[in-house]
Amino acid sequence: MKRVIIAALAAIIMGSAAYADTIKIGVVGPFSGPFALQGKNFKAGIDAYMAMNGATVGDDTIEVIYRDLPAPDPAQSKALAQELVVKEKVQYLAGFYFTPDAMAVTPILKQANVPLVIMNAATSAIVTKSPLVVRTSFTTWQTSTPIAKVAHDAGVGKVISVVSDYGPGIDAENAFKAGFEKEGGAVVDAIRIPLSTNDFSPIMQRIKDSGAQGVFAFLPSGPTTLGFVKAYNENGLKEAGIKFFAPGDLTQESDLPALGEAALGIQTTFHYAVSHDSPENKAFVEAASKAIGNPAELSFPSVGAFDGMNVIYKMIEATGGEQDAQKAVDAVKGLSWVSPRGPVSIDPESRHITQNIYLREVTKADDGSYYNKEIQTFEKQGDPGLAAAK
Amino acid sequence: MQTFFSIAVDAFAYGMVLFVISIGLSVTMGLMRVVNLAHGAFAMIGGYIASYAAHDLGLGYAAAVLLAVFGTVIISVPIERLLYRRIYGAPELTQVLMTIGITFCIIGIANYVFGPTLKTIPLPATLQGSADLGFRSIAVHRLFAIVCGLAVAGALWYAIEKTAFGVKLRASVDNASMAAALGVRTEIIYAVSFAVAVGLAAFGGVLGAELLPVEPYYALRYMVTFLVVVSVGGAGSIPGALLACLVLGGIDTTGRYLMPEFGEFFFYLAVIAIICVFPRGLAGRAR
């Protein structure tokens, strides 16, 4: 019965879309709760795009409808997406910070005739779940693989990996191991620690005892990262010359004021640094800072949202405002543009974003603040995770 | 052997940090019989005040700690008079609902005023860096936390067991109407104990900030750990809480060092075992 109703409503939407001159985009993300900062960044990126490119495409006015999903909750995510499609009649779904939430929505896309533009969720497999998914963020594999080369180039042969015991952590562990072993290095031990760990001293002692020359770490940003980096310094690992490697989630800009001195010199690889030096990024940072209010809160989800909006605008242009999900997705396959993070394109096959990955080092600016300074570029990186999954 | 000492040092330091934060909750739950789920929120307020005082007012660490403790107590006074006073002696469910509501309000206000980012409390130069213990190094602020924990434990034990105030407090807790009939001003006793408990929460929040960073969800994030410490130690017992912190800190640290992939399995297994054998906690008194 439910299917029939959805199908019927979808038919009505399809019938009416041609006459509507307001195109609605439904954005689902964490706008309250512990991850509110990430949701705020989504909104800042979207607002910045609309401020810079206008709120109309052709004759159609764009309206963004936000739905709050404070913590990972696949059932609620699906319910919100259905509500957006059925009640609000959105033509596009976007946002999604967590992988399980994005996964839960993929089954309804075809029936609803709605493309899904993922602005953050970073597990490789999402794009395989439906041909109507396009991703403008990154994957953990994509950002964690280049750091393995960096570690090897720095003359480190033995590394111990320490990750939080959850999906992205395990992705990072596998990505680093694959990349590092390909370079000829050895991962001497792989430790998975519970997400709720507060005290990292015992872990640091174990890293020391392992005899590794470097440590690869992945933890969710926020309190755990701060505790980990502090413990790394306090337990004398830095002085002992054990090098620290991680994807850029660990040194995201909104955490840097708190990490401060402790993070100085840490090298990470990531797809975007707020400090990226280009005219596109300068314009973006200015607009997004205005949108978010406090520039110190700006970090990577904003650029995923900004480019997500770019993709949606291109989809609307290509379909002339008609609701045709497949045509919209086909139109952006192979699309390339210059994003605030550098040159990017949508891979026609995986529908995931191909982009530069940068090696950055946490550096102190002249005004005493800390930032990620880009020191090396790995050009046109695809998603190695998808190939590894096959 | 070296591994054993390493684990012991880490366990002791972690246990003492837990103790300083949780002991205020033990006082409210054991002596005042209030299930105060807003305890973490008061610890968080302390952390925010210290962070604000150190960063924005440029005060030193000692001044920031004092300001945090007294500032939090002052904030708690109207909350105690208007809200907590109504739930003394009320059923536990009422207390839980009231205090969890207060917690959510405080989280919302903290998020609005200070924003969702992490806040740090800069340490003075003497507490930064690490000390060499011969076989390994340990952060100086952890040694400081150990000393503070022991001092707090001693002072509280003395105040409750040896002073006239402690006698009146225990009398009011055991039988409020009889104590009142004998001339004890129970309202004042309660207000003072509440202020002390809140002050301890704030102190713990500041002292533990290196391990448990201050952010709006602090108030809920660590509440389970605090409650576990109190229930394992026995509500209201200072030696019990101390013992619980050391035992749990030890088990948690050992598990994390030797078998991190088991997560908190051993921690909660120990909690279940202890509660099965001592339903009122290690040093809990029968009511």
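Residues numbered from 1 in each chain as written. Chains lettered and ligands numbered in written order. Predicted model: local features only at pLDDT ≥ 70, side-chain atom pairs only at ≥ 80, totals over all residues. Heavy atoms only, no water.

Here's the deal with the overall build of chain B
For the record, the criterion: Here a helix means four or more residues in a row that DSSP labels H or I, a strand means two or more in a row labelled E, and each is numbered from the N terminus. This radius of gyration counts C-alpha atoms alone. The globule rule is 2.2 Å times how many residues there are, raised to the power 0.38. Each residue's exposure class comes from its accessible area (1.4 Å probe, protein chains only) as a fraction of the maximum for that residue type: buried when under 20%, exposed when over 50%, partly exposed otherwise. Here a residue-residue contact requires only that any non-hydrogen atoms of the pair lie within 4.5 Å.
On a plain count of helices and strands, chain B comes out with twelve helices and two strands. Overall, chain B shows an N-to-C arrangement of helices and strands of α-α-α-α-β-β-α-α-α-α-α-α-α-α. In summary, chain B has a C-alpha radius of gyration of 19 Å against a globular reference of 19 Å for 287 residues, a match within 12%. Each principal axis of the C-alpha atoms in chain B carries an extent, and together these give about 60 × 50 × 35 Å. Every one of the 287 residues in chain B was classed for burial, and the buried ones make up 54%. For chain B, contacts bridging at least 24 residues in sequence account for 74% of all contacts bridging at least 6.

Points about the overall build of chain A
For the record, the criterion: Only the protein chains shown count as cover for residues, with accessible areas throughout obtained via the Shrake-Rupley method and a probe of 1.4 Å. Residues scored as positive are Lys and Arg, those scored as negative are Asp and Glu, and His as well as the terminal groups of each chain are ignored. All charge positions are set by atom: Lys at NZ, Arg at CZ, Asp at CG, Glu at CD.
Assigned secondary structure in chain A consists of 14 helices and 15 strands. Principal-axis analysis of the C-alpha atoms places the extent of chain A at approximately 70 × 45 × 35 Å. Carbon and sulfur atoms form 53% of the exposed surface of chain A, whose accessible area is close to 14000 Å². Where the 34 positive side-chain charges of chain A centre and where its 42 negative ones centre are 4 Å apart.

Some words on the pairing of strand S1 (residues 22-29) of chain A
All names here are of chain A. Note the cut-off: Strand pairing is assigned whenever DSSP detects at least two bridges linking the two strands.
Among the eight residues of S1, six are classified as buried, and the element is accordingly described as predominantly covered. Examined bridge by bridge, S1 and strand S3 (residues 60-68) share eight bridges and lie parallel to one another. By the bridge assignment for S3, Val28 is matched with Arg67. The pairing of S1 with strand S4 (residues 92-95) spans four bridges and is classified as parallel. Within S4, the residue paired with Gly26 across the bridge is Leu93.

Digging into the interface of chain A and chain B
One widely used convention gives an interface's size as the accessible area the parts lose upon coming together. Defined as follows: The buried area of a pairing is the accessible area, by a 1.4 Å probe, that goes missing from both parts when the two are put together, added over both. Any carboxyl oxygen of Asp or Glu that lies within 4 Å of a side-chain nitrogen of Lys or Arg is treated as forming a salt bridge with it. For the purposes of these results, a polar contact is taken to be a pair of N or O atoms within 3.5 Å, where, inside protein, one atom must be able to donate a hydrogen and its partner to accept one; residues adjacent in sequence count only when each atom of the pair is a side-chain atom. Classes in brief: Ala, Val, Leu, Ile, Met, Phe, Trp, Tyr, Cys and Pro nonpolar; Asp, Glu, Lys and Arg charged; the others, Gly included, polar.
At the junction of the two partners, chain A supplies 32 residues and chain B supplies 31 residues. Where chain A abuts chain B, roughly 2800 Å² becomes buried across the two surfaces, and 54% of that area is made up of carbon and sulfur atoms. Remark: the boundary between chain A and chain B carries two salt bridges. Among the ionic pairs, Lys230(A) bridges to Glu210(B), the shortest N-O distance being 3.3 Å. Where chain A touches chain B, the interface holds seven residue pairs in polar contact (both at pLDDT 80 or more). Put simply, the parts of the chain that give the side of chain A that touches chain B at least two residues each are helix H2 (36-53), strand S8 (186-193), helix H8 (201-210) and helix H9 (223-234) of chain A. Top element by residues in the side of chain A that touches chain B is H8(A). It accounts for seven residues. Residue composition of the side of chain A that touches chain B, grouped by class: ten nonpolar, ten polar and twelve charged.

Topic: the confidence of the model for chain B
Should the pLDDT be low somewhere, the predicted coordinates at that spot are not to be read in detail. Quick note on the threshold: The predictor attaches a confidence to each residue, called pLDDT, with possible values from 0 through 100.
This prediction gives chain B a mean pLDDT of 88; 99% of its residues lie at or above 70. Prediction confidence for the complex, expressed as pTM and ipTM, is 0.81 and 0.77 respectively.

Here's the deal with the sheet that holds strand S6 (residues 133-135) of chain A
All names here are of chain A. Rules: Between the N-to-C directions of two axes lies an angle of 0 to 180 degrees, each axis being a line fitted to C-alpha atoms and, for a helix, fitted only over the stretch in contact.
Pairing within the open sheet is mixed, and its six strands lie in the order S2-S3-S1-S4-S5-S6. Edge strands, defined here as strands with exactly one partner in the open sheet, are strand S2 (56-57) and S6. In the packing of helix H12 (residues 301-319) onto the sheet, the strands contacted are S1, S2, S3, S4, strand S5 (116-118) and S6, and the crossing angle to S4 comes to about 170 degrees.

Structural notes on the packing of aromatic side chains
Residues and elements named next belong to chain A. Put simply, the rule is: Stacked, edge-to-face and tilted labels apply to pairs of Phe, Tyr and Trp rings (six-membered ring for Trp) whose centres lie within 6.5 Å, assigned for plane angles under 30 degrees, over 60, and everything in between, in that order.
Inspection of every chain in the model, using the stated rule, returns 28 aromatic pairs over all chains. Plain terms: the ring middles of Phe138 and Phe300 are 5.6 Å apart, the flat faces sit at 85 degrees to each other, and that makes the pair edge-to-face. In this pair, Phe138 is assigned in the loop between S6 and helix H6 (140-153) and Phe300 in the loop between helix H11 (279-292) and H12, connecting sequence segments 162 residues apart. A relative accessible area of 2% means that Phe138 is categorised as buried. On the basis of relative accessibility, which here comes to 3%, the residue Phe300 falls in the buried class. Judged by centre distance (5.2 Å) and plane angle (20 degrees), the ring pair of Phe176 and Phe180 falls under stacked. With Phe176 and Phe180 both in helix H7 (residues 167-182), this residue pair falls four residues apart, about one helical turn. Of the two residues, Phe176 and Phe180, neither departs from the other in class, the shared state being buried. By way of ring pairs, the aromatic residues Tyr49, Tyr272, Phe284, Phe306 and Tyr313 are connected into one cluster.

A look at the pattern of salt bridges
Counting across every chain of the model gives 19 salt bridges over all chains. Here Lys24(A) and Glu88(A) are joined by a salt bridge, their closest N and O atoms 3.8 Å apart. Taken together, the residues Lys24(A) in strand S1 and Glu88(A) in the loop between helix H3 (74-86) and S4 connect sequence positions 64 residues apart. Here Arg142(B) makes a salt bridge to Asp199(A), at a shortest N to O gap of 2.8 Å. Of this pair, Arg142(B) sits in helix H5 (residues 140-162) while Asp199(A) is found in the loop between S8 and H8, placing the two residues in two different chains. Of the two residues examined, Arg142(B) and Asp199(A), each falls in the buried class. Members of the salt-bridge network, linked through shared partners, are Lys24(A), Arg67(A), Glu83(A) and Glu88(A).

So, the environment of Thr225(B)
Residues and elements named next belong to chain B. When you line up the elements, Thr225 lands in helix H10 (residues 223-233). Using a relative accessible area of 15% as the deciding quantity, one classes Thr225 as buried. Sequence spacing of Thr225 and Leu248 is 23 residues, and the spatial spacing of their C-alpha atoms is 9.9 Å.

Let's talk about the environment of Pro30(A)
Residues and elements named next belong to chain A. Locating Pro30 in the fold gives a position in the loop between S1 and H2. Overall, the relative accessible area of 1% leaves Pro30 in the buried class. Considered as a pair, Pro30 and Lys40 are ten residues apart in the sequence and their alpha carbons are 8.1 Å apart. If sequence neighbours within four positions are ignored, Pro30 has contacts with Phe35, Ala36, Gln38, Gly39, Phe42, Asp68, Leu69, Pro70 and Tyr97.

What to know about the environment of Asp383(A)
Residues and elements named next belong to chain A. Position of Asp383 relative to the elements: it lies in the loop between strand S15 (370-381) and helix H14 (384-389). Sequence separation between Asp383 and Tyr49 is 334 residues, and the spatial gap between their C-alpha atoms is 25 Å. Contact partners of Asp383, with chain neighbours within four places excluded, come to Ser124, Arg135, Thr139, Trp141, Gln142 and His352. Within polar-contact distance, the side chain of Asp383 engages the side chain of Thr139 at 2.7 Å. Only 3.0 Å separates the side chain of Asp383 from the backbone nitrogen of Gly385, close enough to count as a polar contact.

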